[in-house]
2 protein chains.
Amino acid sequence: VTALDGDLCPFCEGQEHLAGREILAWRSPGGEADTPGWRVRVVANRLPALRVESQYAEPTAGVLQALGGLGAHEVIIESPHHAANWSTMTADEIRLVLWAWRERMRDLRRDIRLKTFLVVKNVGAAAGATLDHAHSQLLALPFVPLHLDDEIAGARARLSKTSHCAFCEMVDEEIARGVRIVSSGETTVALAPFASRVPFETWVMPRHHGASFEEESDETLLAIAERLRDVMQRLHEALKSPPYSVLLHTAPVGEGASFHWHLEIVPRLTPVNGLAWDGGIHINPVSPEEATRVLRESLRS
Amino acid sequence: VTALDGDLCPFCEGQEHLAGREILAWRSPGGEADTPGWRVRVVANRLPALRVESQYAEPTAGVLQALGGLGAHEVIIESPHHAANWSTMTADEIRLVLWAWRERMRDLRRDIRLKTFLVVKNVGAAAGATLDHAHSQLLALPFVPLHLDDEIAGARARLSKTSHCAFCEMVDEEIARGVRIVSSGETTVALAPFASRVPFETWVMPRHHGASFEEESDETLLAIAERLRDVMQRLHEALKSPPYSVLLHTAPVGEGASFHWHLEIVPRLTPVNGLAWDGGIHINPVSPEEATRVLRESLRS
């Protein structure tokens, strides 16, 4: 496919050389690397924010400290087809995306300097995407970023107080009440979080306890893929192909049992005001119960 | 002024009844409340996120907890003139805006339930502004939000380690190096922060130590207003009237000496991607040194 500005899309099948050498791919037996015939493909980010060749240097003495950009920054090309998205892809195709995330994490965690994996998928210009072709980004960091550290600290405090995983408790309470359950299956659930930050924020997660995404089985990945496809069809139907971000929150390497991995789907319908941008203080005009009602009714099936 | 959608602007002089009853105003002697003749005017937000009439209720037993919206949410109408902005207003006019912030804080802090003041000014639709007319918002919260708590914790840790205010140290280091100083005067400085999150982020602050904005003198407010006007003229010239947010970071009530208040001016030139939105993880393509060079050269004076 040729993009609007006349450049060839580097993520389309047949243009593998434009995206760079593949780190991982799912392709038919006998297929050769960096050629057509793949279903999902992972390459290094062309403008990486982090590199494994960097040093995570000791901080210096002054008050202004810079650390080397140690880490990894990879791009998962989610489909050979330019126009694919999670509402039109099959559950099995989405499963392969999750498979690629998992396999890359299992490989990268052998580097003991890396502590945290972040996966982000931005769809649409309003969500900061610079390429249309379905893709996600995987970052591996040598530290635990503040937002994840805060979330884990909350879960850990709850665990030591009640001996329960806060996320498992939340899922149980939500399923009992029902008003914020967008859809659910035997092993997975999609819900509008109680304190939704923006209209139609939706979380997808396993109902069983699991701290680390990369420990999940193929069966769980397929079940999550089915749930994601269902939610994306609802969001596309209700909001007419909105811009959105998807964020994976998963426990840092070796963090143990006190977390519960989940995917946060964040529609990006309105500009981010200063308080939200700077302080994460969100004023949300649509209640999660109302968003749930709309999403539930959006698919007739 | 009549807005594009045909409604009268509620913030323009002569339309005082549309914005509601004034809590505070600077007006000529003998002038009557809620009539023309003011230079700055404070009213309650029409759709307040927080109210002093609310209860900050005890959390309930479950894992999902809601607290009452106790607090205050006020709007500072910064000028009677619809088209005014901080690059065209005089320093004295900007001083009156800062005066209104300070006076409202001094009044609100008498309510011992309130702990934190946030001021945010959003300019342009991309920064989340819904009205064109120059205004800012003041929020008073019954708790210290996470982003401010983290910032204060960092300053407190540095203080106990070095016996110095981290911000005073930063200002000293930056003035000595010079490469990130956008402009400075005897008592105030504007600098591009070392770890700028977005292109052309600029902080304005007093050079003397001061934890709380509401403790500052009229003289300091005027000096800060002069610095803000200078920076805004540079930003308007260099970036052609960009959308931006301004955020006041000031110590919570009674927080003591371990903080240093400052204003963060954040141009909003590009959409916020998912990692920045969710985790505050910013990838900034313009170095603060380059931004400083551009802003320094933007005004011939």
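Look up: the structure comes first, before these words.
Because the structure is a prediction, the values reported are computed rather than measured. (Residues numbered from 1 in each chain as written. Chains lettered and ligands numbered in written order. Predicted model: local features only at pLDDT ≥ 70, side-chain atom pairs only at ≥ 80, totals over all residues. Heavy atoms only, no water.)

1. Quick notes on the interface of chain A and chain B
Bring the parts together and some accessible area is lost; that lost area is often taken as the interface size.
So, point 1. Chain A puts 48 residues into the contact, and the matching count from chain B is 47 residues.
So, point 2. A buried area of about 3600 Å², summed over both sides, lies between chain A and chain B, and 69% of it is on carbon and sulfur atoms.
So, point 3. Here chain A and chain B share two salt bridges between them.
So, point 4. Notably, a salt bridge pairs Arg197(B) with Asp278(A), separated by 3.0 Å at the nearest N-O pair.
So, point 5. Summed over the shared surface of chain A and chain B, the result is ten residue pairs in polar contact (both at pLDDT 80 or more).
So, point 6. Mapped onto the side of chain A that touches chain B, the elements with two or more residues apiece are strand E4 (116-123), helix H3 (146-162), helix H4 (166-177), strand E9 (244-249), strand E10 (262-267) and helix H6 (274-279) of chain A.
So, point 7. No other element matches the six residues that H4(A) contributes to the side of chain A that touches chain B.
So, point 8. Split into classes, the residues belonging to the side of chain A that touches chain B amount to 25 nonpolar, twelve polar and eleven charged. (Contact = heavy atoms within 4.5 Å. Buried area = accessible area lost by both parts, 1.4 Å probe. Salt bridge = Lys/Arg side-chain N within 4 Å of Asp/Glu carboxyl O. Polar contact = N/O pair within 3.5 Å; in protein donor to acceptor, adjacent residues only side chain to side chain. Helix = DSSP H or I, 4+ residues; strand = E, 2+ residues; numbered from the N terminus. Nonpolar A, V, L, I, M, F, W, Y, C, P; charged D, E, K, R; others polar.)

2. Quick notes on the state of the cysteines
So, point 1. This model, assessed by the stated rule, comprises zero disulfides over all chains.
So, point 2. Here Cys12(A) stays unpaired: no disulfide links it, and the sulfur of Cys9(A), its closest cysteine neighbor, is 3.8 Å away.
So, point 3. No disulfide involves Cys168(B); its nearest neighbouring cysteine sulfur is the one of Cys165(B), lying 3.8 Å away.
So, point 4. A relative accessible area of 18% places Cys168(B) in the buried class. (Disulfide = S-S within 2.5 Å. Buried < 20%, exposed > 50% of the residue type's maximum accessible area, 1.4 Å probe, protein only.)

3. Remarks on the side chain of Arg180(B)
So, point 1. Mapped onto the fold, Arg180(B) is located in the loop between helix H4 (166-177) and strand E6 (181-184).
So, point 2. Owing to a relative accessible area of 4%, Arg180(B) belongs among the buried residues under this scheme.
So, point 3. Each residue touching Arg180(B), except ones within four places of it in the same chain, is listed here: Leu64(A), Glu174(B), Ala190(B), Leu191(B), Ala192(B), Phe194(B), Pro288(B), Glu289(B) and Thr292(B).

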